[in-house]
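# Commentary on secondary and tertiary structure
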Amino acid sequence: MSDQMMDAVRSAEADETILRLEGLSKFFEVETGLIDSIRNRLSGQEAGTVRAVEDVSFEIGSGQTFGLVGESGCGKSTLARAILQLIRPTEGSVYFQGEDLCELSQREIRAKRRNMQMVFQDPQSSLNPRLKVGKIIEEPMEAHGLLDKEGREQKARELLEKVGLSQNHYNRHPHAFSGGQRQRINLARALSVEPDLVVCDEPVSALDVSVQAQVLNVMKDLQEEFDLTYLIISHDLSVIRYICDRIAVMYLGHIVELGDKEQLFEDPKHPYTKALLESIPVPDPELSEVRSVIRGEVPSPIDPPSGCRFRTRCQSIIPSDQYAFTDNEWDAVLGYIRSVKYREISPDKPEQDYEQFFDGVKLDRDVDEVLRRSVNQIESEEWDEAIDLLYDEFIEPSICAQERPKYQLEGDKESEGRYVECHLYQE
Ligand SMILES: Nc1ncnc2c1ncn2[C@@H]1O[C@H](COP(=O)(O)OP(=O)(O)OP(=O)(O)O)[C@@H](O)[C@H]1O
Ligand SMILES: [Mg+2]
């Protein structure tokens, strides 16, 4: 074969898709019985359907390190568990090496698990304290009927060295190890069955920052040596940035942006991604508090916002064409609505605050009339009514509230291009 042909074959192999999700969703029913409803109310949880992961589609190429990043509760672990069929998805397909795992029986899934392993966050609780390290690493091989007893021991000893521990550790119990060492044991255990895909849910979150890089480096080395594909989940952008090639940003059950690492960090498209990047903590102990640039709470996944999931916290809502706003006017209107929402307008002198907001902005008569009605409501402390009025008039008719954004940018294959759930990128 000519060198050119070899190159072509190699790049075709590199482009091979190992995992493809199509419209994957996982919903949980939260009980509505009397006791449960009391308990839920006490814990602040509502009853209904938790839409933890909804209509997620993406591809992971063989050999890639794919990162999934998002705030606590956005659905990362649920997505990982649904991919590996540890919980069965509500809807959609998970094609692993071409086969839809959702169509397989539990028995067939168990056989597949050999090729797709998972490493969990907490190295403390994920290792059985009663077993010696050697046994822990050998367990998956035994479960899948691989090698004989000596073969397994030899493999376990080799793996201990590969993850940067030593053969002397074979007969020790896990309590004798530090967090970083335990996570190395977890990696050895996952690799013992020679998987193709390893899903790591917050693999270094429980570790000291100084140890995190060491474990991530071991992961990188192992990837090269064993041809692994990684799906790495983390809420920590610096971890994702360090190790991943391609990144998906998750918010309230949706993937809101997907792209190559360089693209995503250098030119973030989604307002949520931009906000996330701006809130990366500064490595200065004096400034230890991460000041979030995103205002407001993440809405409940039981009743997520219509249209764009991020629109209740977004600063870039697109006006409906009902009114012809200039950018300047719309910014002022959005700023005013936000101030009403967070009750920053003084009910003693709302008129004055209002004039200040729109100082120098010449509003349409219709718009001014609606806004002044809200001012009157604030004056009589009818905040909810004022907010409802402003939302019904200006926010709900926006495309951001009307339609879920789904835009594919550049490249026509999902594995190459960039995906953004924001109407600012509408053609
Ligand atoms: N078994 C369950 N029953 C009901 N709701 C659930 C269940 N598991 C998860 N959820 C809910 O689904 C949503 C997503 O949870 P998930 O654990 O996937 O988030 P996460 O992104 O992994 O968060 P973290 O970063 O804190 O680990 C949350 O609102 C959570 O409360
Ligand atoms: Mg999680």
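Here the structure is shown first, and the text comes after it.
Okay, so let's go over this structure. (Residues numbered from 1 in each chain as written. Chains lettered and ligands numbered in written order. Predicted model: local features only at pLDDT ≥ 70, side-chain atom pairs only at ≥ 80, totals over all residues.)

## Structural notes on the sheet that holds strand β6 (residues 116–119)
- Pairing is mixed in the open sheet, where eight strands are placed in the order β6-β7-β8-β3-β9-β10-β12-β11. Across the chains shown, the open sheet's two edge strands, defined by having one partner strand only, are β6 and β11 (407–409). Each neighbouring strand pair of the sheet contributes to a mean axis angle of 20°, computed without reference to strand direction.
- In the sheet, strand β7 (residues 197–201) pairs with strand β8 (residues 229–234) via five bridges, with the strands oriented parallel. When the sheet's bridge partners are listed, Cys200 is paired in β8 with Ile232. (Pairing = 2+ DSSP bridges. Helix = DSSP H or I, 4+ residues; strand = E, 2+ residues; numbered from the N terminus. Axes fitted to C-alpha atoms, helices over the stretch in contact; angles between N-to-C directions.)

## Some points on the pairing of β8
- With six of six residues buried, β8 is to be regarded as a mostly interior element.
- Judged by which residues are buried, β8 turns out to be covered on both faces: Thr229, Leu231 and Ile233 on one side and Tyr230, Ile232 and Ser234 on the other are all buried.
- Across five bridges, strand β3 (residues 65–69) lies against β8 in parallel orientation. For Thr65, the partnering residue across the bridge sits in β8 and is Tyr230.
- Taken together, β7, helix α8 (residues 209–226) and β8 form a β-α-β motif whose crossover is right-handed. (Buried ≥ 20, exposed ≤ 12 C-beta atoms within 10 Å, placed from the backbone. Right-handed = clockwise from strand over helix to strand, strands pointing away.)

## Focus: the site of ligand 1
- The environment of ligand 1 is formed by 14 residues, the closest being Phe28, Ala52, Ser72, Ser77 and Thr78.
- For the shell around ligand 1, the secondary structure elements donating two or more residues are β1 (17–30), β2 (48–61) and α3 (76–83).
- Of the residues forming the shell around ligand 1, the biggest block, three residues, is contributed by α3.
- Of the residues in the shell around ligand 1, the class split is six nonpolar, seven polar and one charged. (Near = placed C-beta within 6 Å. Nonpolar A, V, L, I, M, F, W, Y, C, P; charged D, E, K, R; others polar.)

## Remarks on the pairing of strand β10 (residues 254–260)
- In terms of residue burial, β10 counts as a mostly covered element, since six of its seven residues are buried.
- Where strand β9 (residues 246–251) folds back onto β10 in an antiparallel hairpin, the turn is made up of two residues, including Leu252, whose phi is positive at roughly 45°.
- Sheet topology note: the β10/strand β12 (residues 418–420) ladder contains two bridges and is antiparallel. Residue pairing across strands places Glu257 opposite Val420, the latter belonging to β12.

## Some points on helix α12 (residues 327–341)
- With 15 residues, α12 extends 21 Å from end C-alpha to end C-alpha; this agrees with the ideal 21 Å at 1.5 Å per step.
- Inspection of α12 places Val333, Tyr336, Ile337 and Val340 among the buried residues, and these make up the whole buried set. Taken around the axis of α12, the buried residues stretch over an arc of 100°, which confines them to a single face. Opposite its buried face, α12 presents the exposed residues Asp327 and Asn328, each directed more than 90 degrees away.
- Along its buried surface, α12 packs onto α13 (350–357), α14 (365–379) and α15 (383–395).
- Once α12 ends, the next one or two residues include Arg343, with phi positive near 50°. (Expected span 1.5 Å × (residues − 1). Arc of directions from axis to C-beta. Contact = placed C-beta atoms within 7 Å.)

## A short note on the environment of Asp331
- Residue position: Asp331 is located in helix α12.
- Owing to 14 C-beta atoms within 10 Å, Asp331 belongs among the partly exposed residues under this scheme.
- Put simply, Asp331 and Ile317 are 14 residues apart on the chain and 9.4 Å apart in space, counted from C-alpha to C-alpha.

## Some remarks on the sheet that holds β1
- With respect to topology, four strands assemble into an open sheet ordered β2-β1-β4-β5, the strand pairing being antiparallel. Looking at the sheet topology across the chains shown, the edges are occupied by β2 and β5 (99–100).
- Here five bridges tie β1 to strand β4 (residues 91–96), and the two strands are oriented antiparallel to one another. Its bridge partner lying in β4, Arg20 is registered against Tyr95.
- Of the strands in this sheet, β1, β2 and β4 touch α3, which is tilted by about 65° from β2.

## Brief notes about the environment of Lys112
- With respect to the helices, strands and loops of the structure, Lys112 is situated in helix α4 (residues 106–112).
- Separated by 11 residues in sequence, Lys112 and Leu101 place their C-alpha atoms 8.7 Å apart.
- When near neighbours in sequence (up to four residues on either side) are disregarded, Lys112 contacts Phe96, Leu101 and Leu104.

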